[in-house]
Amino acid sequence: MTLLTGWGRTAPTSAALARPGSADEVAALLKETAAPGTGRGLIARGLGRAYGDAAQNAGGTVLDCTALPASWTLDPEAGEVTASAGTSLHDLMTALVPRGWFVPVTPGTRYVTVGGAIAADVHGKNHHVDSSFGAHLRSLTLVTADGGARVLGPDDDLFWATVGGMGLTGVIVEATFSCVPIETSRMRVDVERTRDLDETLDVMTTTDDRYRYTVAWIDLMARGSRTGRSVLTRGDHATRGEVRGDPLAFAPRPRLVAPPWVPDGLLNRATVGAFNAVWYGKAPNARRGLIQGITPFFHPLDGVGEWNRMYGSRGLVQYQFVVPFGAEDTLRRVVSTLSERRVVSFLTVLKRFGAGTPGMLSFPMPGWTLALDIPTGQRGLAGLLRGFDEWVVAAGGRLYLAKDSRMPASVMAASYPRLDEWRAIRDAADPDGLFRSDLARRLCL
């Protein structure tokens with residue numbers, strides 16, 4: 001038995017950890033786990049970057065899919081990659097970027113597997129233009145509860161139950177998806193500051209469509225007339241004529257590693273307030289055409305190995321929600337409440353979502369999404385987040401399953417309107433409920 005947590009390092013539980021080395025071994029483990037009397041089921045796990053309990057299974061079995069051989073092939077004519085589910089986006093980028101290709105979608109870290117990217121239907125800074133990872137999938141191979149391997153395409157309901165389905169329909173072992181041709185490993189970036197949240201929303205609404213990638217960092221420590229002041233970072237892949245040296249050089253590695261022990265309370269109002277003031281203050285009012293590397297633009301936290309330890313022994317809660325366009329007052333209410341109560345969030349980012357995928361449990365939909373990294377243990381935090389849940393649901397929004405560690409089942413049922421449809425498809429593929437996780441039990445999935 002192995003003690004496992006999500007990236008937030010909260011609510012650890014023990015499970016039998018298995019490391020299948022092939023699709024055949026996955027099938028054998030499924031049959032073994034499905035045997036009468038084994039009880040607690042099974043869930044696949046990648047690099048453990050879901051913040052909560054999505055890849056935990058207390059008393060059951062967890063499949064470590066990083067043991068599946070990392071492999072990929074590129075079809076440059078079609079612009080498509082076929083990769084094993086245990087292959088990380090880090091390894092793919094390291095191989096593809098020097099060849100002039102980029103993954104279609106990357107979240108805020110490269111250290112997620114292809115299988116995890118599909119199971120969470122991850123999104124990135126380009127959602128307003130390119131949607132989420134599932135929109136670029138051409139096929140996936142799923143080992144289902146009966147041990148059979150099924151190749152699924154977008155015309156299959158089980159395909160869309162799997163995209164965003166948090167591993168509860170089967171074990172993804174391979175996928176084919178389209179990639180983005182690039183000329184360089186650099187980004188052409190525009191940076192500007194806004195005075196408050198209203199200006200942030202206005203600038204993003206009127207100008208985001210000029211950029212493929214866009215995000216706003218919000219200073220939650222600012223109050224009064226400065227509430228919601230932000231630094232907008234937006235850009236696109238630089239062209240060959242805009243860079244010097246080897247245009248496709250790319251070999252990213254963490255430069256620092258968080259110490260194994262960090263004192264509780266390191267991230268508090270004083271330290272985060274000071275950081276925010278410096279970060280906002282050093283940002284230019286408006287700077288155009290800054291040339292940046294892929295890592296600082298997309299994955300700044302990947303420069304510090306195991307950065308989640310910086311939150312101390314109690315870990316962190318990531319709270320991410322989306323509300324539809326037209327529900328900006330809900331977003332303003334949340335940001336104002338956080339600022340007024342001086343809630344410490346080390347990283348607070350706002351993005352605009354475009355069209356979602358047909359994934360029944362996929363998180364993104366057209367609207368605004370706000371993500372918060374909050375150290376646990378802050379007074380009144382649980383009640384505050386429960387109140388936010390109510391506001392988000394009333395506005396027609398929802399929370400992100402890959403980031404969630406504390407949502408009640410009632411909020412899940414109220415905010416994912418296709419949940420029953422997903423359950424019917426899942427039940428047909430897994431009638432005995434083999435695939436289970438702590439998240440699934442908590443949310444009554």
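We now turn to the structure provided with this report. Position numbers for residues count from 1 along each chain, tracking the sequence in the order it is written. Only residues with pLDDT of 70 or above have their local features reported here, since the model is predicted, and side-chain atom pairs are shown and tallied only from 80 upward, although totals for entire chains, interfaces and linings are computed over all residues. Values reported for side chains reflect all heavy atoms of the structure, with hydrogen atoms and water molecules removed beforehand.

**Side note on the overall build of the protein chain**
And then number 1: Put simply, DSSP H or I for four residues or longer makes a helix, DSSP E for two residues or longer makes a strand, and each gets a number counted from the N terminus. Each helix and strand counted, the protein chain has 13 helices and 21 strands in total.
And then number 2: By the compact-globule yardstick of 22 Å for 445 residues, the protein chain fits well, its C-alpha radius of gyration being 21 Å.
And then number 3: Expressed as a percentage of its 445 residues, the buried residues of the protein chain come to 58%.
And then number 4: In the protein chain, the share of contacts with a sequence separation of at least 24, taken over all contacts with a separation of at least 6, comes to 75%.
And then number 5: Entry remark: accessible area of the protein chain is about 17500 Å², with carbon and sulfur atoms responsible for 52%. Two things to know: the radius of gyration comes from C-alpha atoms, and the globule rule equals 2.2 Å times the number of residues to the power 0.38. Any residue under 20% of the maximum accessible area for its type is buried, any over 50% is exposed, and the rest in between are partly exposed; the area is computed with a 1.4 Å probe on protein chains only. Whether two residues are in contact is decided by their heavy atoms, any of which lying within 4.5 Å being enough. Calculation of accessible area relied on Shrake-Rupley with a 1.4 Å probe; when residues are assessed, cover is drawn exclusively from the protein chains displayed.

**Observations concerning the sheet that holds strand β6 (residues 80-84)**
And then number 1: Any two strands with at least two DSSP-identified bridges between them are counted as paired. The antiparallel open sheet is built from 5 strands, whose spatial order is β5-β6-β10-β8-β9. Bordering the open sheet on either side are β5 (72-75) and β9 (149-152), each of which pairs with just one other strand. Averaged over all pairs of adjacent strands, the angle between strand axes in this sheet comes to 10 degrees, irrespective of strand direction.
And then number 2: In this structure, strand β8 (residues 137-143) lies alongside β9, joined through 4 bridges in antiparallel fashion. The axes used here are C-alpha line fits, helices contributing only the stretch in contact, and every angle between their N-to-C directions lies in the interval 0 to 180 degrees.

**Section: the nonpolar core**
And then number 1: What we call a nonpolar core is a set of buried Ala, Val, Leu, Ile, Met, Phe, Trp, Tyr and Cys residues that are connected through their side-chain atoms within 4.5 Å. Counting residues in hydrophobic clusters, the biggest one holds 106 residues, and the most contacted among them are F102, F177 and L350.
And then number 2: Among the elements that line this core, the one with the most residues is helix α10 (residues 381-394), at 6 residues.
And then number 3: Among all residues touching L350, those that are not within four sequence positions of it are L197, T200, L201, M204, V215, A216, I218, L331, W368, T369 and L370.
And then number 4: Grouped together as the second largest cluster of nonpolar side chains are 15 residues, A27, L68, V143 and V173 included.

**Examining helix α9 (residues 328-340)**
And then number 1: By this rule, a helix spans an expected 1.5 Å times one less than how many residues it contains. Between the first and last C-alpha of α9 there are 18 Å, a value that for 13 residues agrees with the 18 Å anticipated at 1.5 Å per step.
And then number 2: Every buried residue of α9 is listed here: E328, T330, L331, V334, V335, T337, L338 and S339.
And then number 3: Those residues of α9 hidden inside the fold are in contact with α6 (197-207), β18 (316-324), β19 (347-353), β20 (367-375) and α10.
And then number 4: With its phi angle positive at about 60 degrees, R342 sits one or two positions after the end of α9.

**Points about the pattern of salt bridges**
And then number 1: Whenever Lys or Arg places a side-chain nitrogen within 4 Å of a carboxyl oxygen from Asp or Glu, that contact is recorded as a salt bridge. By the definition in use, this model includes 23 salt bridges.
And then number 2: Across the pair R188 and E242 runs a salt bridge, and its minimum N-O distance is 2.8 Å. A residue pair is termed long-range when its members are at least 10 positions apart, and R188 in strand β12 (residues 186-194) and E242 in the loop between β14 (230-237) and β15 (256-257) qualify at 54 residues.
And then number 3: Given a relative accessible area of 32%, E242 falls into the partly exposed group.
And then number 4: Residue R332 pairs with D329 through a salt bridge whose shortest N-O separation is 2.8 Å. Here R332 and its partner D329 are both found in helix α9, 3 residues apart, which amounts to about one turn of the helix.
And then number 5: Where salt bridges share partners, they join D190, E192, D208, D209, R234, R288 and R352 into one cluster.

**Thoughts on the packing of α6 against α9**
And then number 1: As a packed pair, α6 and α9 sit with axes 11 Å apart at the nearest point and diverge in direction by 140 degrees. Overall, the two elements α6 and α9 adopt an arrangement that is oblique. Handedness of the crossing formed by α6 with α9: right-handed. Along its contact with α6, which presents L197, D198 and L201, the element α9 presents E328, L331, R332 and V335.
And then number 2: Gly is placed with the polar residues, together with every amino acid not listed as nonpolar (Ala, Val, Leu, Ile, Met, Phe, Trp, Tyr, Cys and Pro) or charged (Asp, Glu, Lys and Arg). Residues that form the contact of α6 with α9 fall into these classes: 4 nonpolar, no polar and 3 charged. Put simply, angles under 35 degrees are roughly parallel, angles over 145 are roughly antiparallel, angles from 65 to 115 are roughly perpendicular, and the rest are oblique. In this scheme the crossing of two helices becomes right-handed for a clockwise turn of the near helix relative to the far one and left-handed for an anticlockwise turn of less than a right angle.

**Brief notes about the environment of G235**
And then number 1: Structurally, G235 is set in strand β14.
And then number 2: Its relative accessible area of 1% is what places G235 among the buried residues.
And then number 3: C-alpha of G235 to C-alpha of S84: the two residues are 151 residues apart in sequence and 30 Å apart in space.
And then number 4: For G235, the residues in contact, after removing those within four places along its chain, are R188, V189, Y211, R212, Y213 and F297.

**Topic: the packing of aromatic side chains**
And then number 1: For Phe, Tyr and Trp, rings pair up if their centres lie within 6.5 Å, where Trp contributes its six-membered ring, and each pair is then called stacked (planes under 30 degrees apart), edge-to-face (over 60) or tilted (otherwise). The tally for this structure, following the rule as stated, stands at 15 aromatic pairs.
And then number 2: Ring centres of F159 and W160 lie 4.8 Å apart, and the angle between their planes is 80 degrees; on these two criteria the pair is classed as edge-to-face. Each member of the pair, F159 together with W160, is buried.
And then number 3: Ring geometry for Y311 versus F346: centroids 6.4 Å apart, planes at 85 degrees, classification edge-to-face. Residue Y311 is found in the loop between β17 (304-305) and β18, and its partner F346 is found in the loop between α9 and β19; the two are separated by 35 residues along the sequence.
And then number 4: The class of Y311 is buried, set by a relative accessible area of 6%.
And then number 5: By the ring-pair criterion, three or more aromatic residues cluster together here, those being W7, W307, Y311 and F346.
And then number 6: When the ring centre of W7 is taken as origin, the NZ or CZ atom of R49, which lies over that ring, is 3.7 Å away. By the criterion adopted, a ring carries a charge over it if an Arg CZ or a Lys NZ lies within 6 Å of its centre and within 35 degrees of its normal.

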